[in-house]
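# Reading the structure
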Amino acid sequence: MRLKIKIPYSSIVALRQIFVIAIIIFTITFAIRASNSMLATTIPLVAKYIFHFSPFLVGFLSSLLFIFSFISSTLINSRLSAKKREKMLKIFASIYALVFPLFYFANPILIWLDVSIAGFSMGIIFPNIVNYVSSIGDQKTRERMIALYTTALSTSLIVSPLLESLILAKFSLLTSFLIFSIFSFLVPIFSFKIKFNEDKKEKLLSSKEVLKSPSFIASVFNNLIYDIPFGMLVTFGGIYAISLFHASYSLAVMIFSFYYLTSFLSRFFFIIRTPRNIIAIIYANALITIFGLLAISLSPSLLVYVISLILLGIPHGLTYLSSLIIISRSFKDEKSRNVANSYFSSIGLSGSIPLIMGYVVEKIGLRCTFTLLSFISLVIFILFLIESKKVKELANL
């Protein structure tokens, strides 16, 4: 005799809705991050090896991508209502798709304009995807969706350099922008599927209160432990492999796939099981970051460099995710989360990192810069330890 189990129709509908939302989140995140990652790693190569910019100008150009993201995210997106953010997401997703193929026609002057427009668009797109993800379901569902979002980021970061490596084996650096435009076109298509709930009329935290909260400050310190070194890796990681170990363009891009694979595996763990103790993970991430940066600075060969990158993939996967979970657990209403996510995204995309690193590399060289970064990460970790004592009970970490 067969036992029949009846599942309520409402539950089936809810599961179907969650599944559709998951597809939307994964696809738009994959598309924007794959294309954005390609920009971040290829623009420095184009600037140095086609336009022959100095290290400082390479860093400055890369910074524009993040500076304009900072401007649009903090000065515009953080102040908008839910419905206005929904419209802005669609508009700038479309602009992003239009400007991406124009990089193929770039010259030493036009590339500055292309980078600025792409960066401004990203500052609207990224925080609104995070806001959408952070507003879905109860806390458990929300954290799983955050894990799915960050896993989509990592998946795209594995595929993007692998695909670009194959493209660069047969085509030029500039031609690769045309091929990657396929991903940029997916962004506006799926942006029209995203809907935001109306802002509630209840009394909410002001922007100043959000920014001063221990939870927000702790999440920023946590992310900066790794975000500053990551800015250096994205801008100068490929140049490091080419200059010191004579790697080809194709190989220099491909080795990032190993780095992002580790990141993907770390984030995938969160989908299967969401850990309660985020603080312990943050401690481990900081130690791995410091050790990995020192290993890169002392790398005697390309193999050791790649192994160091693989190790650094672990904190890349878990640091950003753990910061988003701190924000999600701390800010319960959508408006406060929008302010927190907008400012947090802009800080994570701050343009000063490549700019400063470009200047430092000119002065002390690539190896010494990575050594310096390990000490900077240590200092920021100490600042996080001080701030986290105020936030443990508040964020229920």
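Up top you'll find the structure we're talking about.
Residues numbered from 1 in each chain as written. Predicted model: local features only at pLDDT ≥ 70, side-chain atom pairs only at ≥ 80, totals over all residues. Heavy atoms only, no water.

## Regarding the overall build of the protein
From N to C terminus, the protein includes 14 helices and 0 strands. Residues counted as buried form 58% of the 397 residues belonging to the protein. The contacts of the protein with a sequence gap of at least 6 include a subset with a gap of at least 24, amounting to 85%. Accessible surface, the protein: about 16900 Å² in total, of which carbon and sulfur atoms supply 72%. (Helix = DSSP H or I, 4+ residues; strand = E, 2+ residues; numbered from the N terminus. Buried < 20%, exposed > 50% of the residue type's maximum accessible area, 1.4 Å probe, protein only. Contact = heavy atoms within 4.5 Å. Areas by Shrake-Rupley, 256 points an atom, 1.4 Å probe, with all protein chains shown as cover.)

## Notes on the packing of aromatic side chains
This structure, assessed with the given rule, holds 24 aromatic pairs. Their ring planes at 20° and their centres at 5.1 Å tell us that Phe103 and Phe177 sit as a pair that is stacked. Pair noted here: Phe103 is in the loop between helix H3 (82-99) and helix H4 (110-133) and Phe177 is in helix H6 (residues 173-191), with a separation of 74 residues, a long-range link. Comparing Phe103 with Phe177, the two get one shared label, buried. Taken together, the aromatic side chains of Phe51, Phe53, Phe56, Phe60 and Trp112 make up a single cluster linked through ring pairs. Above the face of the Tyr49 ring, Lys48 is positioned so that its terminal group lies 5.7 Å from the ring centre. (Phe/Tyr/Trp six-rings, centres within 6.5 Å; stacked < 30°, edge-to-face > 60°. Lys NZ or Arg CZ within 6 Å of the ring centre and 35° of its normal.)

## A short note on the packing of H3 against H4
Any two packed helices are characterised by the angle at which their axes cross and by the distance between the axes. The interhelical angle for the contact between H3 and H4, taken along N-to-C directions, is 140°, at an axis separation of 9 Å. By the angle class used here, H3 and H4 are oblique. Judged by the sense of rotation from one axis to the other, the crossing of H3 with H4 is left-handed. Listed contacts from H4 to Arg85, Met88, Leu89, Phe92, Ala93, Ile95, Tyr96 and Val99 of H3 are Asp114, Ile117, Ala118, Phe120, Ser121, Met122, Ile124, Ile125, Asn128 and Asn131. When grouped by side-chain class, the residues that make up the contact of H3 with H4 number 13 nonpolar, 3 polar and 2 charged. (Axes fitted to C-alpha atoms, helices over the stretch in contact; angles between N-to-C directions. Parallel < 35°, antiparallel > 145°, perpendicular 65-115°, else oblique. Left-handed = near helix turned anticlockwise from the far one by under 90°. Nonpolar A, V, L, I, M, F, W, Y, C, P; charged D, E, K, R; others polar.)

## Considerations on the pattern of salt bridges
Any two side chains of opposite charge can pair, on the condition that their charged atoms come close. What the rule picks out here adds up to 3 salt bridges. Among the ionic pairs, Glu86 bridges to Lys90, the shortest N-O distance being 3.6 Å. Of this pair, Glu86 and Lys90 both sit in helix H3, 4 residues apart, roughly one helical turn. Given the relative accessible area of 9%, Glu86 is considered buried. When its relative accessible area of 14% is taken as the criterion, Lys90 is described as buried. Among the salt bridges present, the one from Lys195 reaches Glu86, with a minimum N-O distance of 4.0 Å. Placement of Lys195 in the loop between H6 and helix H7 (207-212) and of Glu86 in helix H3 is noted, with a sequence separation of 109 residues between them. Sharing partners across several salt bridges, the network here consists of Lys83, Glu86, Lys90 and Lys195. (Salt bridge = Lys/Arg side-chain N within 4 Å of Asp/Glu carboxyl O.)

## Observations regarding the side chain of Asn285
Mapped onto the fold, Asn285 is located in helix H10 (residues 278-297). What makes Asn285 buried here is its relative accessible area of 3%. Once residues lying within four places of it in the same chain are set aside, the contact partners of Asn285 are Ile314, Pro315, Leu318, Thr319 and Ser322.

## Observations regarding helix H2 (residues 55-76)
A rise of 1.5 Å per residue sets the reference length of H2, with its 22 residues, at 32 Å; its end C-alpha atoms lie 31 Å apart and thus fit the reference within 8%. At Leu64, H2 is deflected by roughly 30°, the largest bend along its length. Listing the buried residues of H2 in full gives Val58, Gly59, Leu61, Ser62, Ser63, Leu64, Leu65, Phe66, Ser69, Ser72, Ser73 and Thr74. (Expected span 1.5 Å × (residues − 1). Bend = angle between axes of the 7 residues up to and from the residue.)

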